Amino acid sequence: MPGSPLPPPDERSRALFAALRDGVWIVDADARIVEVNEGLCEMTGFTAEELVGSGPPRCYWPEEEYDPITAAVRTSMTGGTGYYEVYFKRKNGERFPVAVNTSPLGDRGGFLCVARDLTGEQRARQRLEEAQAVARLASWEWNPDTDAMEISRDFADLAGLPTDVSPTLDQVLDFTPAPYAQRDRETFGALLSGAQDEAVFETPWRVPNPEIQWIEVRARPLRDAEGRVVRLRGTTQDITARKLAELAYKRSEERLRQAQRMADIGSFEVDYRTGEVTWSDELYRLYGIERTEFSHALEAARRLVPEGDREEIQRIAEQTVQDGQPRQLTHRYLRGGETRWGESRFEPLTEEGNRYGVRGTLQDITEGKRAEQRIHLQAHLLDAVDAAVVAIALDGTISYWNTGAQRTYGWTAEEVLGRKLRDVAGAVGDGEIAANIVDRVVVAGQWEGEFEVAGKNGVRFPAYLRMARFFDADGQPAGVVTMSVDISQRVEGERQLKAARDYMRTVTDSMGEGLFTLDLEGRLTYLNRSGANLLGWRPEELLGQAMHDKTHYRRPDGSPCLASECPLVHAREQANLVRLDQDMFIRKDGTELPVEITSSPFETEDGVRGSVVVFNDISERLAAEQRMREEMDALTWVARIRDALAEDRFVLYAQPIIDVQSGLTVQHELLLRMIDVDGSIIPPGAFLPAAEEYGLIVEVDRWVMSRAIGLAAEGHAIELNLSACSLSAPGLIDDFRSELLRTGADPSLIVVELTETALLEDEDAAALFIERIGALGCQLALDDFGTGYGGFRYLKSLPVDLLKIDMDFVRDLPTNQASQHVVKAVVSLARDFDQRTVAEGVEDEETLRLLSDFGVDYAQGYAIARPMPVHEVLGTAARQSEPAGRPGGARLEAHAPARPPLG
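So, about the pattern of salt bridges. Counted according to the given criterion, the structure contains 51 salt bridges. Of the charged contacts in the structure, one is a salt bridge between Arg228 and Asp224, with a shortest N-O distance of 3.5 Å. By relative accessible area, which is 47% here, Arg228 ends up partly exposed. Residue Asp224 is classed as partly exposed on the basis of its relative accessible area, which comes to 27%. The closest approach of N and O atoms between Glu540 and Arg538, which form a salt bridge, is 2.8 Å. Residue Arg538 is classed as partly exposed on the basis of its relative accessible area of 45%. Linked by salt bridges that have partners in common, Arg579, Asp581, Glu596, Arg621 and Glu625 make up one network.

Right, here's the structure in full:
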C-alpha cells in the first residue's frame, strides 16, 4: 500500500545495478529515492549519498522538465510504463539529453527508472543533417509551349546563369556537345509524347565553371487532368568526380582482374629447362612449409604429392607444354602429415614462341571434397528409402543406383553403373521408351506418372516414376534423378508413393539454398525451409501470393523493379533458364537480401507449368569482394609511397600557432603532404593509413624528423607529429640526437606531438621515448586532448608540456555550452599541472575571442592561417614581426620572428 517501505534489493539485483552503464534508480510509493546505481552517479555528478533519501529529484533535471518526469512517476504508480525524452542536468549545472523508461515494482507502489544519455545520438543526427544539406540537386522545369525553363538557384550556379533568367531548352543544350545534345532532344521528345515515363542519362557539360565536366539528368513528365504532358520536371547533378573515378577504374580493371584470379590461391611456375620451381607465398601456406624448407627443385615439389597422383600431374603438365592448351586437374597433396585435396590449373610458359615450362595455380578444395563425402553418406541414407533411386547423366549413363533399385529391378549396382540406360532397359524391351522419357525430363525439368516396367528377369509390373532434372554448382543441367516404386499392390504402392514424395520434400528442405516454385502467374506454390529462413516468411503466408510483389519489387540500387521488366518473370513466360549472379530480394522485415538466382521453367506430363527458383545469400561474397578492392587500393598506395620516398616527393606545409593574447606567431606545426607524379598535392589522410598498415610509416617519420630538425637549425620554432609505430622504432631516438648534433639545431625549438592513441598502443615504449626526447631538450605536446579517458592519466605520469584541445570542442565553441565547459576545464587542469594549452581548429574570430576570455594560451586554425608550403611560410616568418590573428583583427598575413617555442 502507499507509504509501505520497499524491501531492500537482494545481492543479485545490486550486482545487476552495478553492471548497467545506464543510470538506474528506484523510488518508493512516497516518491523518495531508495536506491541508485553507479551509472546514475557518473551521469549526473551526484554521489549516492546525495541522491538516496531525497524527495522528488529536482536536483538533477531542469525545472521545465519536472512535469514530464512527474507524469512518468504517476503512470508507474498506477501500474503503467512510460518512455520520455527529456533533459537532465549534472551537478555542475550542465544540461544533457536523456531517454527515461519507467516501470512499476509490484504491489508496494514503487517504481524503477532507467535513463540513457542521448548526447552522442544527438550529435550524430546533427552531423547527418549537415551531410545531407551538402548533397544538393539542381532542379528545373520546362514548359514546351513557351520553351522557357524555370531553374533553381543551384541550377543557375551550376550553369553560370543569372537566377532571374528563364533560358530556353536550346540554350541549356548548348552546354553539351552536339551528339549528346541531339540524343537529349530525342529523350525530351519521347517524354513529351508519352513514350517514356522517366529518363535518366549522363552527359558532358561545358559551362564557364571548368571543374564541372559531367552531369546526371533525371526527368519526368507532368500531366494535366486529361493525361496530356504539359511540363517536364527534373534534376541535374554534378557527377564529375564519379565519372573520373569510373574512367580510372576502367584503365586498371584488367590489372585488377589478373590480381583477383590469383587472390587466395597459391601460384607456381616450373621451368623444365632447369628443373627449377617457383612458388608464391600463398602456396607455401597451402603446403604448410617455410620458404627455407623448400629447395625449389622439381623433385622436391613432387614429394609433396602422394605417389599415386604424381604421374597424372606430370602427364597433364607435359601435355600442356606440348600443345599449349590450358588444363586443370583435381588431385591430392600433402600438408605436413595430412592428405588434402586441391585443384591445379596449368598453362604453358613461353619465350619467343617456345614453350619451356608451365605456370599455374593450386586451390585447396578439401572442404568441397568433404562435402562430396557427406553427399555419399546421404546416398547411403537413400538406400534406406523403400524406393528405387537412379541418377542418369546427360549422356544417358547411369551414375547412381541405390539398393532400392536393385531390389526393384534385380540389377546390382556393379552391373549397371557406367552403362547407358537405353542398354539396361533395352534388355527387357523398354530401352527406347525410357531413353525418350529421360530426354523429355532434361528439356522440361521433370516428369512423373505410372509406367509399366520390367526387371532383369523380364517380369513386368506397374510402377510409379518421378523424374526431375538436377543442376551442377554452376546452375547448369547435370542429369536426371529418378525415383520409382512398385505399385503392383495398390495399397503398398500408395504408401511407397507417399514415401517418395516425402523424400523429395525432405531433400529440398535439407538444401542449403533457398528454393521456391511458381505457377505461370508467378504465384508461390512451394517454399523450402532454407528459403523461408532467408526471406523471413512462413510458407503459408506466401502460398498463392505473387512473389514478385512480395520479395522482388526493388532493384539493388533501390529503384523500383516493375514486373514487366523483371528477368525472372520473362524467364517464366518465355520458358528460358535465367541465372543472375547478383540481384536482391526483400525480406519480410523490409531489409535487403543480396542473392544469386537461378530460375528454370518446368512442365509436367499432365500439363502443369511453372518455374523453379533457387537462390543463395551472397552477402559474404560481396563483402569479400569489397575487402579485396580495399586491399588492392592499399597495395597501390604502398608502391606510391615507396616511389615518393625514393624520389623525394614529400613536402612539408606549415601552419602558424599564435599567442592568443598578443597575436604573435610563436610556433609552426609541420604538416606532411605528398606530391603526385602529375604534380598535384595529396593530403595525408589518403596515404598515411596505408603507410601505417604496411610498415612504411617509420620511414616517412624519419623523413619528417630530418626536415624538421633542419628547419630548427635555421632558427625556426617548429612542431612535428610522430606516429605510434615510431615510438618503438629501433634507432629513431639515436638518429634524432645525431641529427641535432650534425645540424647544431637548438632542441628547445622543437615540439614533438603525440596522440593519446599512440601512447596507448605501447605505453612502456611511449614512456621511454618521452623520457629520452625530453632529455634531448625537446618539448612534448599531447594532441586531441579531451576525446578519451586515458589522457588525464598521462598528465600525472608523463612530462607533458602542452595540451592540444581537440577541434571538436573548438569549432562549436560560440554555440555549445558543453564545449565551453570542456575548454574551461582543460585550461584549469593544465594550469594545475603547470602546462600550456593550444586550441586547434579555430575557424572564426568569435571563437578566438572566447579562447582569449577562457585563458587558452595558443591557437591555430583557418581563422588564423591555412597550412602553406613550408618555404613560403617560414620564408615570410623570418622577415616579419607584426602581430596577426588578434581577436577581431585581420587574418595572419605576417608572422613574428622565429623564437623559442610556445612560451
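Moving on, we get to the packing of helix α27 (residues 732-743) against helix α29 (residues 763-775). Running from N to C, α27 and α29 cross one another at 10°; their axes reach a closest spacing of 11 Å. With respect to their mutual orientation, α27 and α29 come out roughly parallel. From α27, Leu732, Ile733, Asp734, Phe736 and Arg737 reach across to α29, where they touch Phe769, Arg772 and Ile773.

Using a probe with the size of a water molecule, rolled over the atoms, empty space left in the structure can be pinpointed. Evaluation of the coordinates by the stated rule reveals 3 cavities of 30 Å³ or more. As a volume, the largest cavity reaches approximately 330 Å³. Forming the boundary of the largest cavity are 20 residues, of which Tyr409, Leu421, Ala425, Ala434 and Val453 lie nearest the centre. Listing elements by their share of the lining of the largest cavity, those giving two or more residues are β16 (388-393), α16 (421-426), α17 (431-444), β18 (446-454), β19 (460-471) and β20 (477-486).

A few words now on the sheet that holds strand β22 (residues 524-527). Reading across from one edge, β22-β21-β25-β24-β23 is the order of the 5 strands in this open sheet, with antiparallel pairing throughout. Each edge of the open sheet carries a strand with a single partner, namely β22 and β23 (578-586). Mean inter-strand twist for the sheet, computed between neighbouring axes without regard to direction, equals 30°. Of the strand pairs in this sheet, strand β21 (residues 514-519) and β22 are connected by 3 bridges, and their pairing is antiparallel. Within β22, the residue paired with Phe516 across the bridge is Leu527. Set on the sheet, helix α22 (residues 567-574) makes contact with β21, β23, β24 (592-603) and β25 (609-617); between it and β23 the angle comes to about 130°.

Where helix α25 (residues 697-713) contacts α27, the two axes come as close as 10 Å, and the packing angle between them is 25°. With respect to each other, α25 and α27 are oriented roughly parallel. Note that α25 runs across α27; the crossing there is right-handed. Here Arg702, Met705, Ser706, Ile709 and Ala713 of α25 lie close against α27, whose contacting residues are Leu732, Asp735, Phe736, Glu739, Leu740 and Thr743. When grouped by side-chain class, the residues that make up the contact of α25 with α27 number 6 nonpolar, 2 polar and 3 charged.

The rules behind these values
- Residues numbered from 1 in each chain as written.
- Predicted model: local features only at pLDDT ≥ 70, side-chain atom pairs only at ≥ 80, totals over all residues.
- Heavy atoms only, no water.
- Salt bridge = Lys/Arg side-chain N within 4 Å of Asp/Glu carboxyl O.
- Buried < 20%, exposed > 50% of the residue type's maximum accessible area, 1.4 Å probe, protein only.
- Axes fitted to C-alpha atoms, helices over the stretch in contact; angles between N-to-C directions.
- Helix = DSSP H or I, 4+ residues; strand = E, 2+ residues; numbered from the N terminus.
- Parallel < 35°, antiparallel > 145°, perpendicular 65-115°, else oblique.
- Contact = heavy atoms within 4.5 Å.
- 1 Å grid on protein atoms, 1.4 Å probe; cavity = no way out; pocket = protein on both sides within 12 Å on 5 of 7 lines; lining within 4 Å.
- Points joined across faces, edges and corners; volume = space filled by probe spheres on them.
- Pairing = 2+ DSSP bridges.
- Left-handed = near helix turned anticlockwise from the far one by under 90°.
- Nonpolar A, V, L, I, M, F, W, Y, C, P; charged D, E, K, R; others polar.

By themselves, these figures tell us nothing about what the structure is for.
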